[in-house]
Amino acid sequence: MENRSYKIKMNGNGIQTNGIHGNGIHTNGINGNAVHHVSVKASIHPAKLKARRQRWNVKPSEMAKNTLNPIRAIVDGMKLTPNPDKPMIALSIGDPTVFGNMPTDDKVLQAMKDAIDSQKYNGYAPSVGYYKSREAVANFYSEPGAPLEANDVILTSGCSQAIELAINVLCNPGDNILVPCPGFSLYKTLAVSMGIKVKLYNLLPEKSWEVDLQHLESLIDDRTACMILTNPSNPCGSVYSKEHLQSLLSIASRYCIPILADEIYGDMVFPGCTFHSLAPLSSDVPILSCGGLAKRWLVPGWRMGWILIHDRNDVFGSEIREGLVKLSQRILGACTVVQGALESILNDTPQEFYQSTINFIKTNAEICFSELSTVPGLNPVMPSGAMYLMVGIEMEHFPEFQNDVEFTERLVTEQSVFCLPATAFEYPNFFRVVVTVPEKMMVEACERIREFCARHYRPRSQDSNELDQ
Ligand SMILES: *Cc1c(COP(=O)(O)O)cnc(C)c1O
């Protein structure tokens with residue numbers, strides 16, 4: 001009799017040994033996070049298959065087919081052939097590391113080196129993260145009115161996984177979520193693939209991208225499971241006032257809707273502006289606040305994120321927490337080396353690092369804003385934080401182009417400058433500029449955009465000509 005050996009990862013309790021016949025399995029030891037050897041007697045044959053497939057027919061699942069990244073869908077469909085006479089300037093990539101001009105702090109690197117050298121972080125951590133690392137995050141983000149303990153923190157693989165877990169724990173297929181428009185496209189990508197509907201609420205460019213509260217409220221129905229707020233915002237760079245956040249909370253409170261606060265750009269606000277995290281302002285609305293190292297510490301590739309559970313009046317209670325813990329067991333969360341470095345990253349990074357990062361971003365945003373606001377046909381909206389700036393296009397003055405996609409496509413062909421058309425954020429007639437590029441590039445890009453617009457601008461549309469006559 002032949003014995004086959006299987007390795008089964010036992011992750012806490014409740015892991016199923018799917019696919020292996022129930023009998024004949026011997027697990028050496030119970031539970032814990034260890035790997036167990038299991039022997040299966042090969043003599044136990046599966047029952048004769050009834051309808052054997054005659055040919056291969058392997059197709060992607062419905063979930064895979066329903067997983068759509070709108071940015072890819074739009075960018076991949078664009079004809080992006082730069083002008084060979086001008087070097088390409090990509091203002092499209094929301095990754096502050098691409099030009100090498102914004103290194104992270106030495107302390108952050110040292111923390112990572114120390115974590116590796118200690119050899120203490122090569123194994124599996126609990127699926128929600130090491131207690132010590134969660135405690136460090138809790139201490140870092142605790143505020144009066146919104147205290148946090150280690151057990152209120154779940155470490156995840158980037159803020160993206162934090163968002164995924166948060167949506168997953170709050171929503172069932174058929175439910176809907178409220179998502180900002182323009183907004184970060186991941187929310188919709190995740191929700192749609194899980195059979196959750198997305199309702200887009202409008203942001204108002206003329207009010208520095210504040211939420212159209214009436215519109216938001218009109219979208220709520222009995223299947224609304226959660227409201228997503230992005231503050232500071234990608235793609236807008238907006239930062240909400242305390243009063244505006246309170247208005248949003250009062251709507252959530254009236255309809256008893258929990259909030260997913262995407263605060264990955266938390267504290268990345270320009271001097272003179274204040275960031276208010278949502279949780280301390282809430283007296284009754286429960287909040288899952290998602291964040292991570294990616295943007296503020298300039299290490300998006302390290303894939304470290306977190307959920308901060310701000311329960312109010314025990315609305316989430318133990319069930320939502322347990323749900324999050326269960327969901328975290330699907331992937332076993334964040335890289336353990338980064339977890340090992342986390343406490344030191346949070347506690348030892350000097351204030352000057354954060355300040356110089358934000359000063360650099362602000363300077364670039366000001367250059368971009370002041371340059372583009374004097375370009376006929378463009379309406380940039382000055383940001384207050386994060387690392388983006390949105391620019392409105394008066395399409396009626398650019399009759400050669402149907403929309404922002406064609407506009408930005410031709411900007412590449414003629415000027416080798418690539419900005420993301422805001423159709424990628426479901427917000428046509430705008431484009432987004434990433435302002436983390438080196439200053440010289442920013443200046444050069446703005447000059448080229450000016451030249452491009454001057455060439456294609458038509459002072460009056462056909463319609464207004466007719467009206468004038
Ligand atoms: C970049 C970004 C994220 C994702 O962060 P990761 O930690 O890299 O997964 C989440 N939300 C917003 C608004 C972002 O811009």
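Residues numbered from 1 in each chain as written. Predicted model: local features only at pLDDT ≥ 70, side-chain atom pairs only at ≥ 80, totals over all residues.

**What to know about the site of the ligand**
Around the ligand sit 14 residues, and of these Gly158, Cys159, Ser160, Asn234 and Ala294 come closest. Looking at the shell around the ligand, the element that brings in the most residues is helix α5 (residues 158-170), giving three residues. Tallied by class, the residues present in the shell around the ligand amount to five nonpolar, seven polar and two charged. (Near = placed C-beta within 6 Å. Helix = DSSP H or I, 4+ residues; strand = E, 2+ residues; numbered from the N terminus. Nonpolar A, V, L, I, M, F, W, Y, C, P; charged D, E, K, R; others polar.)

**Quick word on the UniProt feature "modified residue: N6-(pyridoxal phosphate)lysine" (unreviewed entry) in the protein chain**
When the UniProt feature table is mapped to this numbering, "modified residue: N6-(pyridoxal phosphate)lysine" (unreviewed entry) covers Lys295. Note on placement: Lys295 falls in the loop between β11 (287-292) and β12 (304-310). Discounting residues that sit within four places of it in the chain, Lys295 has contacts with Pro96, Ile264, Tyr265 and Met268. (UniProt positions renumbered as here; feature names shortened; annotations may be inferred. Contact = placed C-beta atoms within 7 Å.)

**Concerning the sheet that holds strand β5 (residues 153-157)**
What holds strands together in a sheet is hydrogen bonding between their backbones, with the strands either parallel or antiparallel. Ordered in space as β5-β12-β11-β10-β9-β6-β7-β8, the eight strands form an open sheet in which the pairing is mixed. Two strands in the sheet have a free side with no partner beyond their single neighbour: β5 and β8 (210-211). The sheet strands contacting helix α4 (residues 131-141) are β5 and β12, and the helix crosses β5 at an angle near 110°. (Pairing = 2+ DSSP bridges. Axes fitted to C-alpha atoms, helices over the stretch in contact; angles between N-to-C directions.)

**Description of α5**
With 13 residues, α5 extends 19 Å from end C-alpha to end C-alpha; this agrees with the ideal 18 Å at 1.5 Å per step. Burial of α5 is extensive: twelve of the 13 residues sit out of reach of the surface. All of the buried residues in α5 are Gly158, Cys159, Ser160, Gln161, Ala162, Ile163, Glu164, Leu165, Ala166, Ile167, Val169 and Leu170. (Expected span 1.5 Å × (residues − 1). Buried ≥ 20, exposed ≤ 12 C-beta atoms within 10 Å, placed from the backbone.)

**Overview of unusual backbone geometry**
Cis geometry marks the peptide bond from Cys181 to Pro182, where omega comes out at 5°. Backbone geometry places Trp209, a non-glycine residue, at a positive phi of 65°. Examined against the element boundaries, Trp209 turns out to sit in the loop between β7 (197-204) and β8. By C-beta crowding, Trp209 is classed as buried, having 25 other C-beta atoms within 10 Å. Even without glycine at this site, Cys256 takes up a positive phi of about 55°. Since 12 C-beta atoms lie within 10 Å of it, Cys256 is described here as exposed.

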